[in-house]
Every structure is written in C-alpha cells, then in structure tokens.
Amino acid sequence: MGRMDEPILTEGDRGFRGIDSYLEPTTLEGGLVEASENMRLDGDLASVRGGIEFKSGAVSLTHSSTERVFATVLFSDPATGVEFIACATKNKVILWNDQNDSGIDIAYPGGETVTSADNASFVQAMEKLILFRGTSKDPLEWNGDLVTPTAFTVKNNSSPTAGRIECPSTNFGLFFANRLIVPQPSDSAYTVIMSDLLDTDNFFAADSQFRINRGTADRLIGFTPYLENQLLVFFRNSIHLINNVATTSAAAVFEITRQRGCVARKSIAASGPQIYFLSDDGVFTLQQGLDPAKGLGVAISKVSGEAIPLSRPIQDQFKDVNFAHADKAVGIIFDNKYFLAVPTGSSTDNNKILVYDILNTAWTSVDTFPAGFVIDDFVTVLHGINPQKRRLFAVNDKGWHLVDEGTTDITGTIGNPSTTSTAISAKLKTRSFTLGSVDVKRWKRGQLGCNVNNGDQFTIKVNTTDPDRTNTVHTENYSGSAEEKLIRFGSGRARGYAANVEVDVTAGKPSFRHISLEAIAGGANARREIA
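The structure displayed is predicted, hence computed values, not measured ones.

### As for the packing of aromatic side chains
Scanning all chains against the criterion turns up 12 aromatic pairs. Between the aromatic rings of W96 and F393, the centroid separation amounts to 5.8 Å while the plane-to-plane angle is 70°, which identifies the pairing as edge-to-face. Within this pair, whereas W96 is found in strand 9 (residues 92-97), its partner F393 is found in strand 33 (residues 389-396), the two being separated by 297 residues in sequence. With a relative accessible area of 1%, W96 lands in the buried category. You can call F393 buried: its relative accessible area is 0%. Measuring from ring centre to ring centre gives 5.3 Å for F458 and F512, while their planes differ by 90°; the resulting arrangement is edge-to-face. Taken as a pair, F458 in strand 39 (residues 457-465) and F512 in strand 44 (residues 511-520) lie far apart in primary sequence, 54 residues in all. On the basis of relative accessible area, F458 is assigned to the buried category, the value being 1%.

### Brief notes about the sheet that holds strand 10 (residues 100-107)
Taken in spatial order, the 4 strands make up an open sheet running 7-8-9-10, and their pairing is antiparallel. A single partner strand is all that each edge strand has here, and the edge strands are strand 7 (71-76) and strand 10. Averaged over all pairs of adjacent strands, the angle between their axes in this sheet comes to 30°, without regard to strand direction. The sheet contact formed by strand 7 and strand 8 (residues 83-88) spans 6 bridges and is antiparallel. Directly across from L74, in strand 8, lies its bridge partner I85.

### Things to note about the sheet that holds strand 14 (residues 153-154)
The 4 strands are arranged 11-12-13-14 in an open sheet whose pairing can be described as antiparallel. Only two strands of the sheet have a single partner each, and these edge strands are strand 11 (121-125) and strand 14. Examined bridge by bridge, strand 11 and strand 12 (residues 128-132) share 5 bridges and lie antiparallel to one another. In the strand pairing of strand 12, S121 is matched with F132.

### Digging into the pattern of salt bridges
One pass over the full model with this rule turns up 30 salt bridges. Residues E29 and R17 are paired through a salt bridge, measuring 3.2 Å at the closest nitrogen-oxygen approach. On the criterion of sequence distance, the pair formed by E29 in the loop between strand 2 (18-19) and strand 3 (32-37) and R17 in the loop between strand 1 (8-13) and strand 2 is long-range, its members being 12 residues apart. For E29, a relative accessible area of 53% puts it in the exposed group.

### Here's the deal with a nonpolar patch on the surface
A cluster of nonpolar side chains, contributed by M126, L197 and L198, occupies part of the molecular surface with about 270 Å² of accessible area. Mapping M126 onto the fold places it in the loop between strand 11 and strand 12. Since its relative accessible area comes to 31%, M126 is described here as partly exposed.

### Points about the environment of R442
With respect to the element layout, R442 can be found in strand 38 (residues 441-452). In this structure the C-alpha to C-alpha distance between R442 and L95, which are 347 residues apart in sequence, comes to 62 Å.

### A few points about the confidence of the model for the protein
Put simply, the protein has an average pLDDT of 93, and 95% of its residues get 70 or more. For residues 296-300, every residue scores under 50 in pLDDT, and the model assigns this stretch 12 contacts once sequence neighbours within four places are set aside.

### As for the pairing of strand 10
In terms of strand pairing, strand 9 meets strand 10 through 5 bridges, oriented antiparallel. By the bridge assignment, L95 is partnered in strand 10 with I104. Hairpin geometry of strand 9 and strand 10 is characterised by an intervening segment of 2 residues between the two adjacent antiparallel strands.

### Some points on the pairing of strand 21 (residues 230-235)
Burial runs high along strand 21: 6 of the 6 residues are buried. Neither face of strand 21 is left uncovered, since the one carrying Q230, L232 and F234 and the one carrying L231, V233 and F235 both have all their residues buried. Here strand 20 (residues 220-226) runs beside strand 21; their pairing, made up of 6 bridges, is antiparallel. What sits directly across from G222, in strand 21, is F234. Between strand 20 and strand 21, which follow one another and run antiparallel, lie 3 residues, and E228 among them has a positive phi close to 55°.

### Here's the deal with the nonpolar core
In terms of nonpolar packing, the biggest core is built from 50 residues, with L278, F458, F489 and F512 touching the most fellow members. Ignoring any residue separated from it by four or fewer positions in sequence, one finds F512 in contact with F16, M39, D44, L45, A46, L448, G449, C450, F458, V503 and V505. If you look at the next biggest cluster of nonpolar residues, it comprises 19 residues, including F70, Y108, L129 and W142.

Parameters and conventions
Note that residues are indexed from 1 along each chain, following the sequence as it is written. Under the rules for a predicted model, residues below a pLDDT of 70 receive no local features and side-chain atom pairs below 80 are neither given nor counted, while totals for whole chains, interfaces and linings still include all residues. The side-chain values count all of the structure's non-hydrogen atoms but skip hydrogen atoms and water molecules. Each pair of aromatic rings taken from Phe, Tyr and Trp, with Trp reduced to its six-membered ring, is defined by centres within 6.5 Å and is described as stacked if the planes are under 30 degrees apart, edge-to-face if over 60, and tilted in the remaining cases. Each helix is a run of DSSP H or I of at least 4 residues and each strand a run of E of at least 2, with the numbering of both proceeding from the N terminus. Think of it in three bands: with a 1.4 Å probe and only protein chains considered, a residue is buried below 20% of the maximum accessible area for its type, exposed above 50%, and partly exposed in between. Here, any two strands with at least 2 DSSP bridges between them count as paired. Note on geometry: axes are lines fitted to C-alpha atoms, helical ones only across the stretch in contact, with angles between N-to-C directions running from 0 to 180 degrees. Here, a salt bridge means any Lys or Arg side-chain nitrogen found within 4 Å of an Asp or Glu carboxyl oxygen. Patch membership requires over 30% relative accessible area and the absence of a salt bridge. Like charges are linked within 9 Å, and nonpolar side chains (Val, Leu, Ile, Met, Phe, Trp, Tyr) within 5 Å. To measure how exposed things are, a 1.4 Å probe is used in the Shrake-Rupley method; for residues, cover is taken only from the protein chains shown. How sure the predictor is of each residue is captured by pLDDT, a score from 0 to 100. Working rule for contacts: check all heavy atoms of both residues, and any pair within 4.5 Å makes them a contact. We define a nonpolar core as any set of buried Ala, Val, Leu, Ile, Met, Phe, Trp, Tyr and Cys residues linked to one another through side-chain atoms lying within 4.5 Å.

Next comes the structure, spelled out in structure tokens:
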C-alpha cells in the first residue's frame with residue numbers, strides 16, 4: 001500500500017489586476033498581488049512597462065546648473081491645432097514636437113531671465129502663453145504667433161481700467177471660463193483673484209477677489225476647474241469651492257472639507273467628475289454628489305470627500321514617501337491611469353511613479369528608473385505619425401522623455417544627442433497561497449503561463465512562509481520568435497504554511513497570464529501507512 005491522506009491540492013490566479021501590499025499576503029483576494037514593480041496589469045495580463053525614450057537631444061541648449069528646463073506645459077496653436085511641448089529655459093522658451101525636432105526658440109525680452117528660484121510655471125490663455133516667475137518678477141507673455149514669431153513681452157499693465165489692477169506677480173495660474181485665475185500673494189496667502197472676461201490684463205477686486213479661510217494658518221496650494229462653472233480650491237489643510245466663475249459678482253465660496261488638504265499642486269488631476277490629489281494621509285479623491293431635490297440619480301456638481309484614501313491598498317508604501325519634499329509631487333490622468341510621481345527615501349526629487357488603473361480600480365505598479373532620473377512634470381501632446389495620437393512625456397531639468405513606449409529606458413541630456421540605454425528590471429510577486437488551511441504544506445510544483453520574445457530574461461522564485469525560505473526554481477533566457485509558453489517548475493522541496501511566486505525580469509518585455517502552485521496538505525503531520 002502507498003501513502004494515504006495526501007491529496008495534491010492546487011491554488012492559483014487566472015490573471016492579475018492590482019496590488020495590495022497593505023494587507024497580509026495570505027488574506028488577499030484572487031487576482032491581487034503583493035508587489036508589482038515596473039509592470040502594467042492590463043486586462044488581467046501582467047506585462048513589463050514600456051521604457052522611457054529621450055527626445056530632446058536635437059534642440060540648441062547647453063545644460064548647466066543655470067541653463068536647464070524650469071517649467072513645461074502643452075501649447076496648442078489655435079490657428080492650426082498643432083501641439084507643442086513648451087519648455088522655459090534661462091533665456092528662452094523652446095517649442096518642440098516631432099515635426100520640429102530642433103525646436104522653435106521664443107526669446108525673452110532683454111534682461112529678463114528665469115532661474116530655479118522663480119518657481120516658474122506656464123498657462124495658456126486663449127492664444128497667448130503666459131510665464132509666471134514668482135512674486136518678485138513680472139510675468140512674461142507671448143502672443144502665440146507661430147507664422148512670424150516674436151519675443152515674449154513683460155506682462156504689466158501700467159494703466160488698468162478704472163477700479164482694476166494688473167495681473168499679479170505670482171507662481172501659477174489657470175485659464176477657465178474665459179478668465180485668468182491666479183493667487184494674489186501681495187494680498188494674502190489665501191487670496192484668489194480672477195481677471196475680467198477675455199481680458200488677462202485687468203482684475204476687478206471688488207467682484208473677483210476671494211479671501212478664503214481668512215484668519216487661519218491655512219494657505220493656498222492650487223485649484224482646478226469643476227462642473228457648471230465652478231472652481232475647486234485646494235488649501236494645505238482644507239478644500240473649498242467657488243461657484244459662478246463666469247459671473248463673479250454672483251459667486252460664493254463653500255467649504256467642502258477641513259479634514260484634509262492638498263500637499264502638492266501638481267498632484268491634482270481630474271478624470272470625469274473624480275478629482276485625484278495627494279494629501280498627508282495618501283491619495284484621496286473628491287466625488288460628485290447627488291441633490292435629493294433634483295431626484296435620485298441626477299448627477300449635479302455637489303462635491304464630497306472620501307473617508308478612506310484611494311491609496312489604502314499601498315498605504316504602507318507611502319511611509320517611504322519623503323513628505324518634506326512631497327510638494328514637488330506631480331500627477332496626471334493618461335491612458336485611463338493616474339500617474340503620480342513622488343520623492344521616496346532620501347530623494348528630494350520625484351524618483352518613483354505610482355500607477356493607479358482606473359479601469360481595474362486598483363494600483364498596478366510602482367515604477368522605478370535609472371539612477372539620477374527624476375520627474376519634475378508630465379505633459380501629454382499629439383505625437384507621431386500613422387497614427388498620430390496623444391502621448392505622455394515626463395519632463396525634468398535635462399529635457400523630456402516619451403513614457404511607456406520603448407523596450408529599454410533611454411535617458412539623455414538636453415542639447416546632446418548621446419543617450420544611455422538601461423534594461424528595465426521588473427518584479428511580480430503573487431499573493432501567498434495557503435490552500436485554505438493554516439497547516440504546514442509540502443509544496444511540490446507550479447506552472448506559469450507567459451508570453452515571451454527573443455531576449456527576454458527572468459527568474460522564478462518560490463517563497464514560503466513559516467518556515468521562511470526562498471528557492472530559485474527556474475531561469476529563463478529565451479531566444480527565438482514570439483511564443484505563448486507554459487513553464488512548469490518544482491518548488492525546491494519547500495515546506496511552509498504559505499507560498500508565493502516571485503518573477504524577477506532582468507531584460508526584455510515578457511508578459512504573464514496565470515500562475516498556480518501545488519502542494520500536499522498536512523506536511524510533516526500527514527498520516528502514512530507503509531506496507
């Protein structure tokens with residue numbers, strides 16, 4: 001007679017849809033993974049992310065501590081619909097797209113410069129491009145004429161209309177509802193002021209100035225448009241709404257919450273009625289509300305905050321965020337994902353990207369990059385031919401990089417065609433399988449379904465818990481044409497209460513479809529009868 005009471009049990013996942021590193025890995029639902037680094041989880045398929053690709057080597061600029069990219073924005077030519085990445089440097093703005101690889105230079109007026117201390121930012125107002133340079137310098141303005149380009153001019157209005165003031169010297173602005181909306185730091189740290197309609201040179205304080213949360217230590221961080229001519233205003237410790245932006249004489253301010261505020265202006269991003277932002281407690285969203293007076297299910301522009309952070313499944317990873325410099329965090333909605341770049345560890349600049357997949361309603365990756373690569377801003381622009389489509393660029397002081405489309409990470413320095421290519425290292429660690437019991441098991445074997453192509457390289461590890469042990473059970477160095485492959489592997493004679501599978505990619509862009517592990521329940525406690 002042979003062994004008794006030793007059935008082989010199997011557990012696995014048919015796909016991968018999101019990360020939950022906050023909970024105990026043995027309690028995760030099917031399809032959730034403990035770790036996903038430099039991966040994309042699209043349609044249950046886990047794939048290595050696309051690489052970044054340096055695109056600013058052909059422009060005319062010599063990078064230095066004072067000559068660099070200080071601010072970036074999308075500029076769209078109203079006359080033609082052609083889009084450009086606009087980058088502010090020390091003495092000029094460079095307009096770039098794939099049809100103008102060497103860039104179009106728009107100079108500043110004589111004696112005017114941009115430095116890192118200016119905390120510069122752009123806004124496009126109608127056909128004009130406005131460059132803010134902090135509270136100690138006047139803004140600069142370009143008329144947007146690409147047919148016969150002329151230099152920027154200093155934006156100061158020496159003779160505003162009666163009762164009006166000129167555009168304040170400030171750090172940022174927004175063009176919304178045909179008004180230029182800016183902070184007014186010369187009045188207070190909590191003042192918002194709006195221009196006259198279709199006139200960015202005149203601001204009427206009597207109707208269009210809003211002192212919000214006056215008498216507190218709160219300060220203005222940023223704002224973003226909302227439905228029905230409303231403006232969401234984010235402070236450091238609270239959030240407010242201004243209605244009737246189109247008719248400021250009838251506008252009013254409403255408090256949404258004082259339970260939390262916003263850490264970083266550029267982390268604010270909108271997807272439909274949902275607004276994403278970074279707070280002290282992680283990433284939160286503002287949701288559209290319902291008005292009972294208008295009937296159940298009739299969406300209107302009321303707003304409410306969530307009690308539980310959107311970042312709950314990866315809340316443990318926010319312990320690594322360097323909140324002393326988190327005001328530099330930047331976020332954007334692209335490809336149905338919220339990309340949030342944050343500084344982590346000892347880094348004072350954004351060195352990682354956290355990716356939230358709106359379709360999966362889950363965080364799907366923590367992206368890392370070659371040493372020294374940081375993200376100061378994101379911009380999307382129409383790019384390429386056949387097809388031309390909107391693509392995402394990450395921008396830093398050394399230039400702009402196309403995101404998620406290469407096979408390796410290609411980095412460089414603006415004005416220099418030389419580049420460095422780095423293979424993308426990725427990791428996928430599944431949830432821990434227990435086969436429905438707390439007993440120690442003898443893990444026997446497993447299988448991984450994957451799509452591989454020439455040059456793909458990765459290892460498979462089996463990690464057990466109680467006792468803790470790691471066995472490298474398979475090394476893949478694939479050569480040949482694209483193939484759907486089923487890899488079967490042993491466990492290395494591992495024992496443990498639970499086990500997970502870790503895939504570490506060192507080269508290429510393989511993707512993974514499903515995973516399973518087999519074990520004998522009972523482990524050392526199993527009964528045996530020997531003839």
